[in-house]
There are 2 protein chains.
Amino acid sequence: MALIVQKYGGSSVADAECIERVAWRIAESYTEGHDMVVVLSAQGDTTDDLIAKANEINEKPSKREMDMLLSTGEQMSVALMAMALEKIGLPVVSLTGWQIGMQTDDNYGSAKIKKVTASRIKTELDRRRIVLVAGFQGVNRYDDITTLGRGGSDTTAVAIAANLNADVCQIFTDVDGVYTSDPRKIQGAHKLDEITYDEMLELASLGAQVLHNRAVEMAKLYAVKLEVLSSFEKKSGTEVKEVTKVEQTKISGVAKDADIARIAIVGVKNEPGIAYKIFRLLAREDINVDIILQSIGRGHELSETKDISFTVARADMDRARELLEENKQSLGYSEISVTDKVAKVSIVGAGMMAASGIAATMFEALYEAKVNIAMISTSEIKVSVLVDESEADRAVQAIHAKFF
Amino acid sequence: MALIVQKYGGSSVADAECIERVAWRIAESYTEGHDMVVVLSAQGDTTDDLIAKANEINEKPSKREMDMLLSTGEQMSVALMAMALEKIGLPVVSLTGWQIGMQTDDNYGSAKIKKVTASRIKTELDRRRIVLVAGFQGVNRYDDITTLGRGGSDTTAVAIAANLNADVCQIFTDVDGVYTSDPRKIQGAHKLDEITYDEMLELASLGAQVLHNRAVEMAKLYAVKLEVLSSFEKKSGTEVKEVTKVEQTKISGVAKDADIARIAIVGVKNEPGIAYKIFRLLAREDINVDIILQSIGRGHELSETKDISFTVARADMDRARELLEENKQSLGYSEISVTDKVAKVSIVGAGMMAASGIAATMFEALYEAKVNIAMISTSEIKVSVLVDESEADRAVQAIHAKFF
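Residues numbered from 1 in each chain as written. Chains lettered and ligands numbered in written order. Predicted model: local features only at pLDDT ≥ 70, side-chain atom pairs only at ≥ 80, totals over all residues. Heavy atoms only, no water.

S.K.: What is the right way to look at a positive patch on the surface in this model?
M.R.: Residues and elements named next belong to chain A. On the surface, a cluster of positive charge is contributed by Lys-269, Lys-277, Arg-280 and Arg-284. Among the elements that make up the positive patch, the one with the highest residue count is helix 8 (residues 274–284) (three residues). Mapped onto the fold, Arg-280 is located in helix 8. The exposure class assigned to Arg-280 is partly exposed, which follows from its relative accessible area of 35%. (Patch = residues over 30% accessible without salt bridge, like charges linked within 9 Å, V, L, I, M, F, W, Y side chains within 5 Å. Areas by Shrake-Rupley, 256 points an atom, 1.4 Å probe, with all protein chains shown as cover. Salt bridge = Lys/Arg side-chain N within 4 Å of Asp/Glu carboxyl O. Lys, Arg positive; Asp, Glu negative; His and termini not counted. Charge placed at Lys NZ, Arg CZ, Asp CG, Glu CD. Helix = DSSP H or I, 4+ residues; strand = E, 2+ residues; numbered from the N terminus. Buried < 20%, exposed > 50% of the residue type's maximum accessible area, 1.4 Å probe, protein only.)

Right, here's the structure in full:
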């Protein structure tokens, strides 16, 4: 018999009917003899509703009080699910973040997990109870409630699975696994049986938000076997693990990320330290930079100036521009150009770079589809290109058709 | 400068507008230099909505999970109020029951407070923060969330006031004080400036539910000065304390309690121990008995049988009858008669019994109003009569007119 950690997202527990369906699903695993720990998110739109309620009173509430408010959503979910399992007649107990000793840092709104003191969970499992855990929340050293930010419940589930040395951590979502591309948009996109942590990380960071990166990173660090499954249908999903059986040269997915903006700094002095100055400035303000492209100067290596382009999250675009403009003198550039009419299209696959021709095939597909490439970035398991936003879907379709 | 504990009920924080109004009220006391601890109930219908949500899933959920669910209501209230005070620009912190160390027994749904470890509140007050506390909730020895049952937030406020040795505990409600009778029904009913704990206890138990008895009892025990005030209007309310300045013989109120039923056991043997047998039976099943009347037998003292009547809460009526019927043989009576078409009308006043004629005046008023008295019960500070339910309002009106 196994120790299974499951996680169900907000849409899986949206109303009484959904809760009952999930309860029967949990009951099935439990009655097979498994030890069950189940992490739940807030119901459906609860979190959005609570944020709206808060903003009616204060448009800029402190993050501490926002966490106090939002954490009630998951608490409600676990209590209601416990009632559903009680009705089925199974022994169950619901627990909040502080009750399971989910200790985090002080970073309200996007706290990082420091430690899980899962003794309470273990005690309850020893009593053969189903343990329901409120996801997304923890408690800091002041005993104040924190929330883990986006993808927080996934992270809660993985942290508990790691701590308990669970046999598997099953993430139930509204899709039935990880796909080679967005199945709603790309013809021929198909589900993967297996994927490595690294591939999953690249796919997630590229906008395929099945699993949050923090959860995958933690799963990789503690070698937690992850499974992505549908909470609506009963069929096998996608396993995320260290090594997969798939052919090393095969790419595992094509993804699009439209939530980016490109900033080009034109005419900076061609001297050492300039890139350092620019990116330190941005880092200090917590602006993450993704692809960076540095021109080799205007025409020849000995040019006096060069251009530096990079991408940031769309939400950071205006702030990045302001920062650069405020520091125009010390940076010494001639002009800045900014656009959010771009999208990043990427292919991901373990060991992809080792196989020659993968990038070339991608570029060929884009050429055939007449999509212009603005920037290119590569890593061990990924090739990304920046294209015009209006051409992004066509680019994904063309690449997908070429590879799959 | 004083240390003030305030409590606002659900209707006072029902929506964003109400919350803002209360926030300004708290801000006013705070900026006068007072240390402020504010206990809040769940917003308006939140608790009822949560119960409905639970019952949709399970009509008989465990009390433990119900407490887990319901306690989110007060947590939301304090977080939202904190945001409103932040917007005004004041330092504030919201705290849950477990965060303030509100320790209770294990009696989910109607837990009793065992201890308050208010060190967290003190620390926050030392920082000159307004401290918002989620009422109604605590935590038991297993670190599980409990709720305090009806009137729980009042009790939370008094417990904190007692622990911190506060100068006053102000209970804000939707009425502006304690009245001599129900002002919506009784012409001439007027507000009392002062009332003693005991009078308040009698009035509350008689159905004038301004303050819950548990809160008043605790206030009396720890000599916490209570004030009942309106959260909608700014005017003085009613002070509840040990000794009042009011004339000792004056009665402080007339109250009606229609939530009762009368049970008459006819023809029990006139021998010692019979009353003991009956009331032990009821006590074992947690049925509280109020007025008890024992006839002096049928006509003469040496009668072989007598009748015993008593009142119980209306909700207990059927269970009490069943119990008595099941034990008909051992109790040995001839018949039981039960009715819920009765109401209890009472006058309350400290030291009332010392002044002769108070009861007589009450009976005179009832006689003039042609209201028949079914039972009479008296205590040091109270005279109650049982009347036909249909005549109760007329009885209250007549008594009130006679005294005030």
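After presenting the structure, the write-up continues.
S.K.: Would you explain the interface of chain A and chain B in this entry?
M.R.: By a frequent convention, interface size equals the accessible area lost on bringing the separate parts together. Taken together, the contact pairs 42 residues of chain A with 42 residues of chain B. Overall, the association of chain A and chain B removes approximately 3500 Å² of surface from exposure, summing both partners, and the carbon and sulfur fraction of that is 60%. Broken down residue by residue, the surface that chain A buries against chain B is led by Ile-57, Met-83 and Trp-98 of chain A, which jointly contribute 21%. Counting across the interface, chain A meets chain B through two salt bridges. (Contact = heavy atoms within 4.5 Å. Buried area = accessible area lost by both parts, 1.4 Å probe.)

S.K.: Help me out: how do you make sense of the packing of helix 2 (residues 46–57) of chain B against helix 3 (residues 63–88) of chain B in this one?
M.R.: In helix packing, the relevant descriptors are the interaxial angle and the interaxial distance, both defined with respect to the helix axes. Residues and elements named next belong to chain B. Direction vectors running N to C along helix 2 and helix 3 enclose 150°, while the axes themselves pass 9 Å from each other. Between helix 2 and helix 3, the interaxial angle falls into the category roughly antiparallel. The crossing of helix 2 and helix 3 is right-handed. Across from Thr-46, Thr-47, Leu-50, Ile-51 and Ala-54 in helix 2, the residues of helix 3 making contact are Met-66, Leu-69, Leu-70, Thr-72, Gly-73 and Glu-74. Tallied by class, residues from the contact of helix 2 with helix 3 come to six nonpolar, four polar and one charged. (Axes fitted to C-alpha atoms, helices over the stretch in contact; angles between N-to-C directions. Parallel < 35°, antiparallel > 145°, perpendicular 65-115°, else oblique. Left-handed = near helix turned anticlockwise from the far one by under 90°. Nonpolar A, V, L, I, M, F, W, Y, C, P; charged D, E, K, R; others polar.)

S.K.: Where do I start with the packing of aromatic side chains in this structure?
M.R.: The relative placement of two aromatic rings is captured by the distance of their centres and the angle of their planes. Residues and elements named next belong to chain B. This structure, assessed with the given rule, holds five aromatic pairs over all chains. Centre to centre, the rings of Tyr-8 and Phe-172 are 4.4 Å apart; their planes meet at 15°, and the pair counts as stacked. Taken together, the positions of Tyr-8 in strand 1 (residues 3–8) and Phe-172 in strand 9 (residues 168–173) put the pair 164 residues apart, joining distant regions of the chain. Summarising the burial analysis for this pair, Tyr-8 and Phe-172 share the class buried. Judged by centre distance (5.2 Å) and plane angle (75°), the ring pair of Phe-279 and Phe-310 falls under edge-to-face. One end of the pair, Phe-279, is in helix 8 (residues 274–284); the other, Phe-310, is in strand 16 (residues 305–313), and 31 residues separate them in sequence. Neither residue differs from the other here; Phe-279 and Phe-310 are each classed as buried. (Phe/Tyr/Trp six-rings, centres within 6.5 Å; stacked < 30°, edge-to-face > 60°.)

S.K.: I'm lost on the pattern of salt bridges in this one. Help?
M.R.: Side chains that differ in sign of charge can pair as their charged atoms come close. Evaluation of the coordinates by the stated rule reveals 50 salt bridges over all chains. Measuring nitrogen to oxygen at the nearest pair gives 3.1 Å for the salt bridge that ties Lys-241 of chain A to Glu-239 of chain A. Owing to a relative accessible area of 23%, Lys-241 of chain A belongs among the partly exposed residues under this scheme. For the salt bridge of Glu-391 of chain B with Arg-394 of chain B, the shortest nitrogen-to-oxygen distance reads 3.9 Å. In this structure Arg-394 of chain B comes out as partly exposed when scored by relative accessible area, which is 40%.

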